[in-house]
Amino acid sequence: MTGPVPNNQDEPNDPERYRHHLLLLKAMHCCRPVIYEGLNQFITCLTANRDGGRISMTVYLAGKPGAIDSNEIQFKHAAQEGKTA
């Protein structure tokens, strides 16, 4: 790409999905469990992919064969962990 960079280059196209992706990355780095199919699981690998004009993320969980769409992953809230936010 040549030419000037648009001013909004640092703003995500989908802020809610961006936040979800950041939480996935934090869970992986901090070894925090995520919820998949109602059970605590740990992330072993994340991949980010261009999906049209957006970014999609694929999650690989410990002990689970195959890829999982990031939308299927949920997070524990601080209250569920017995912590205060």
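Here the structure is shown first, and the text comes after it.
Below is a short write-up of the structure. The residue count restarts for each chain, going from 1 along the sequence in the order it is written. A pLDDT threshold of at least 70 governs which residues receive local features in this predicted model, and a stricter bar of 80 or more applies before side-chain atom pairs are shown or counted, although totals over entire chains, interfaces and linings include all residues. No hydrogens and no water enter the side-chain calculation; it runs on all heavy atoms of the structure.

## Regarding the sheet that holds strand S4 (residues 54-61)
- If DSSP finds at least two bridges between two strands, the strands pair. Helix and strand labels come from DSSP, where a helix needs a run of H or I of at least four residues and a strand needs a run of E of at least two; each type is numbered from the N terminus. With respect to topology, three strands assemble into an open sheet ordered S3-S4-S5, the strand pairing being antiparallel. Both outer strands of the open sheet, strand S3 (43-51) and strand S5 (68-69), are each paired with one neighbouring strand and no more.
- Two elements, S3 and S4, share eight bridges in a ladder whose sense is antiparallel. Along S4, the bridge assignment pairs Asn49 with Ser56.
- The strands that helix H1 (residues 15-29) touches are S3 and S4; relative to S3, the one it contacts most, it runs at about 155°. Contacts are assigned to residue pairs that have any heavy atoms within 4.5 Å of one another. Geometry is summarised by axes, namely lines fitted to C-alpha atoms with helices restricted to the contacting stretch, and by angles between N-to-C directions that run from 0 to 180 degrees.

## Quick word on the environment of Ile55
- Among the secondary structure elements, Ile55 is positioned in strand S4.
- Counting along the chain gives 37 residues from Ile55 to Tyr18, while the straight-line C-alpha distance between them is 8.5 Å.
- When near neighbours in sequence (up to four residues on either side) are disregarded, Ile55 contacts Arg17, His21, Ala48, Asn49 and Arg50.

## Things to note about the side chain of His20
- Here His20 shows up in helix H1.
- Apart from the residues within four sequence positions on either side, His20 is in contact with Ser70, Asn71, Ile73 and Phe75.

## Digging into H1
- Here, expected helix span is obtained from the residue count minus one, scaled by 1.5 Å. The terminal C-alpha atoms of H1, which comprises 15 residues, lie 21 Å apart, in line with the 21 Å expected from a rise of 1.5 Å per residue.
- At its buried positions, H1 is contacted by strand S1 (34-36), S3 and S4.
- A positive backbone phi angle near 55° is found at Cys31, which sits one or two residues after H1.

## As for the side chain of His21
- In this fold, His21 is placed in helix H1.
- Residue classification places His21 among the buried positions, given a relative accessible area of 10%.
- Aside from chain neighbours lying at most four places away, what touches His21 is Ile55, Ser56, Met57 and Ser70. The buried label goes to any residue with under 20% of its type's maximum accessible area, the exposed label to any with over 50%, and the partly exposed label to all in between, with areas taken from a 1.4 Å probe on protein chains only.

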